[in-house]
Amino acid sequence: MSDTTHDGAIAMTAPPSPDEGLTSAQLAAKYGLSVSGARPGLVEYIRQLWGRRHFILAFSSAKLTAQYSQAKLGQLWQVATPLLNAAVYYMIFGLILNSGRGMDKAVFIPFLVTGVFVFTFTQTSVMAGVRAISGNLGLVRALHFPRAALPISFALQQLQQLMFSMIVLFVIAASFGSYPSLSWLLIVPALAMQFVFNIGLALIMARLGSKTPDLAQLMPFIMRTWMYASGVMFSISVMLEGKPEWISHVLMYNPAAIYMDLIRFALIDGYGASNLPPHVWMAGALWAVLLGIAGFVYFWKAEERYGRG
């Protein structure tokens, strides 16, 4: 097309664009464009996450190896740290405060060590989850992958670390008269439920921690309170004897106490079913399913916002 100007020259004008008047959404649909970093559907997200399973395993193993790489004792600290914690708690709560009253020493020591090891599994998973996104922003911004891979890999790292601790726990249990038996096989489903629960909780904390870095400073106080309320160093039913029954039920049905008691029941001969609340296996499974699904969906909902801003 052309127009004649006032001085007789001919000016060429561009033809109208075929895209003129189209909205951004219409243009994207016309040319097959999609938003960069957009959140995929839930099923597609799970498929992508499964496709990164080798990365999750390798990343967790590398983190575990690097965790104590600067220490002279190296990987021995994976076992020494919770074991030293158990020794300190035994000195304070077992010898000074006599929190093991009602239990034979051969039961109380494995009871205490089991509680420390199992609760540490949840505690470290939560603490690692808080920093899963905020502490790995370089990786999040540089590569495209399902962000849930990070908190899941950190929870898997803590599970691998617990496996080393369990060897020591088995030795301690056997040393105090709880020898290997078929009941020890119950440890597997109990740990599986706790692992799913930990993943869900780590995913929730990862989303919260991605926008609120100060949460990492607050969490040690919350976890310490949770530990004291979960019967790590004492029997809840014995310590709350004479108190309103509902208080005991609330504490005994909290997930940390449930998973500790299930493993104690499986491992320690003198810790019988009378120490467990009714329907404890069902309660443990419900906590795992509830937190596992809720945590995953909650984290997925903010997938496109991680690493931005």
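Just so you know, these numbers come straight off a predicted model, no measurement behind them.

Rules behind the numbers
- Residues numbered from 1 in each chain as written.
- Predicted model: local features only at pLDDT ≥ 70, side-chain atom pairs only at ≥ 80, totals over all residues.
- Heavy atoms only, no water.
- Helix = DSSP H or I, 4+ residues; strand = E, 2+ residues; numbered from the N terminus.
- Contact = heavy atoms within 4.5 Å.
- Areas by Shrake-Rupley, 256 points an atom, 1.4 Å probe, with all protein chains shown as cover.
- Core = buried A, V, L, I, M, F, W, Y, C linked by side-chain atoms within 4.5 Å.
- Buried < 20%, exposed > 50% of the residue type's maximum accessible area, 1.4 Å probe, protein only.
- Lys, Arg positive; Asp, Glu negative; His and termini not counted.
- Salt bridge = Lys/Arg side-chain N within 4 Å of Asp/Glu carboxyl O.
- Axes fitted to C-alpha atoms, helices over the stretch in contact; angles between N-to-C directions.
- Parallel < 35°, antiparallel > 145°, perpendicular 65-115°, else oblique.
- Left-handed = near helix turned anticlockwise from the far one by under 90°.
- Nonpolar A, V, L, I, M, F, W, Y, C, P; charged D, E, K, R; others polar.
- 1 Å grid on protein atoms, 1.4 Å probe; cavity = no way out; pocket = protein on both sides within 12 Å on 5 of 7 lines; lining within 4 Å.
- Points joined across faces, edges and corners; volume = space filled by probe spheres on them.
- Phe/Tyr/Trp six-rings, centres within 6.5 Å; stacked < 30°, edge-to-face > 60°.
- Lys NZ or Arg CZ within 6 Å of the ring centre and 35° of its normal.
- Expected span 1.5 Å × (residues − 1).

**Student:** Would you mind going over the overall build of the protein chain with me for this structure?
**Tutor:** In terms of helices and strands, the protein chain carries 13 helices and two strands. When contacts within the protein chain are restricted to residue pairs at least 6 apart in sequence, those whose partners lie at least 24 apart make up 77%. Accessible surface, the protein chain as shown: approximately 16,400 Å² in total, 68% of it carbon and sulfur.

**Student:** Just checking my understanding: could you explain the nonpolar core for this structure?
**Tutor:** Soluble, globular proteins show a tendency: their nonpolar side chains are buried together. In terms of nonpolar packing, the biggest core is built from 86 residues, with F119, A148 and F299 touching the most fellow members. Examining the composition of this core, we find that 14 residues originate from one element, helix α5 (residues 105–130), more than from any other. When near neighbours in sequence (up to four residues on either side) are disregarded, A148 contacts Y45, L49, L203, F296, F299 and E303.

**Student:** Got a minute to help me understand unusual backbone geometry in this structure?
**Tutor:** For residues that are not glycine, phi is negative in most cases, and the peptide bond is trans in most cases. Positive phi, close to 55°, is recorded for H279, a residue that is not glycine. Accessibility expressed as a relative area gives 61% for H279, which makes it exposed.

**Student:** When you look at the side chain of E303 in this model, what are you seeing that I'm missing?
**Tutor:** With respect to the secondary-structure elements, E303 resides in the segment after α13 (280–300). Of the buried charged residues, E303 lacks a salt bridge, with R147 as the closest side chain of opposite charge at 4.4 Å. With near-sequence residues (within four places) excluded, E303 lies in contact with R39, P40, Y45, F145, P146, R147 and A148.

**Student:** What should I look at first to understand the packing of helix α4 (residues 77–96) against helix α7 (residues 149–175) in this one?
**Tutor:** Helix-helix packing is described using two parameters, namely the angle between the two axes and the distance between the axes. α7 packs onto α4 with a crossing angle of 55° between their chain directions and a minimal axis gap of 8 Å. Between α4 and α7, the angle falls in the class oblique. Handedness of the α4/α7 crossing: right-handed. Where α4 abuts α7, its residues Q78, V79, P82 and L83 lie against Q161, F164, S165, V168 and I172. When the residues that make up the contact of α4 with α7 are grouped by side-chain class, the tally is six nonpolar, three polar and no charged.

**Student:** Please clarify how the layout of surface pockets should be interpreted in this entry.
**Tutor:** To find leftover empty space, a probe the size of one water molecule is rolled over the atoms. Its volume calculated, the largest pocket comes out at about 450 Å³. If you go around the largest pocket, you meet 26 residues; those closest to its centre are T81, T120, Q123, T124 and Q161. For the lining of the largest pocket, the secondary structure elements donating two or more residues are α4, α5, α7 and α9 (215–228).

**Student:** Can you walk me through empty space enclosed by the protein in this structure?
**Tutor:** Applying the stated criterion across every chain yields a total of one cavity of 30 Å³ or more. The volume enclosed by the largest cavity comes to roughly 80 Å³. Around the largest cavity sit 14 residues that line it, and S235, I236, D261, R264 and Y271 are the ones nearest its centre. Grouping the constituent residues of the lining of the largest cavity by class yields seven nonpolar, five polar and two charged.

**Student:** Please explain the packing of α4 against α5 as it appears in this structure.
**Tutor:** With their axes 9 Å apart at the nearest point, α4 and α5 run at an angle of 130° to one another. Viewed along their axes, α4 and α5 adopt a mutual orientation that is oblique. Between α4 and α5 lies a crossing whose hand is right-handed. In this structure, α4 uses P82, L83, N85, A86, Y89, Y90 and G94 to contact α5, whose residues at the interface are K105, F108, I109, L112, V113, V116 and F117. Each residue belonging to the contact of α4 with α5 can be placed in one class, and the counts come to eleven nonpolar, two polar and one charged.

**Student:** Sorry, what's going on with the packing of aromatic side chains here?
**Tutor:** Remark: the centre distance and the inter-plane angle together describe each pair of aromatic rings, the angle taken between the planes. As enumerated under the stated definition, the model contains 13 aromatic pairs in all. On the numbers, 5.0 Å between centres and 25° between planes, the contact of F170 with W184 is stacked. Pair noted here: F170 is in helix α7 and W184 is in the loop between α7 and α8 (187–211), with a separation of 14 residues, a long-range link. On the basis of relative accessible area, F170 is assigned to the partly exposed category, the value being 29%. A relative accessible area of 13% means that W184 is categorised as buried. Site record: aromatic cluster; members linked through ring pairs are F119, F197, W226, Y259 and W287. When the ring centre of F145 is taken as origin, the NZ or CZ atom of R147, which lies over that ring, is 4.8 Å away. Lying across the ring of Y298, R207 places its NZ or CZ 4.1 Å from the centre.

**Student:** Sorry if this is basic, but what is going on with α7 here?
**Tutor:** Side chains that are three or four residues apart share a direction in an α-helix, a result of its 3.6 residues per turn. With 27 residues, α7 extends 39 Å from end C-alpha to end C-alpha; this agrees with the ideal 39 Å at 1.5 Å per step. Buried residues dominate α7, accounting for 20 of its 27 residues.

**Student:** Explain the pattern of salt bridges here, please?
**Tutor:** In a structure, side chains of opposite charge can pair up when their charged atoms sit close to one another. Taken as a whole and assessed by the stated rule, the structure comprises two salt bridges. For E44, the salt bridge is made with R47, and the minimal N-O distance between the two is 2.5 Å. Note that E44 and R47 are positioned in helix α2 (residues 42–51) at a spacing of three residues, about one turn of the helix. The partly exposed category is assigned to E44, whose relative accessible area is 30%. Linking R264 and D261 is a salt bridge whose minimum nitrogen-to-oxygen distance equals 3.3 Å. Within this pair, R264 and its partner D261 are both found in helix α12 (residues 255–267), separated by three residues, close to a single helical turn. By the burial criterion, R264 is buried, and D261 matches it.

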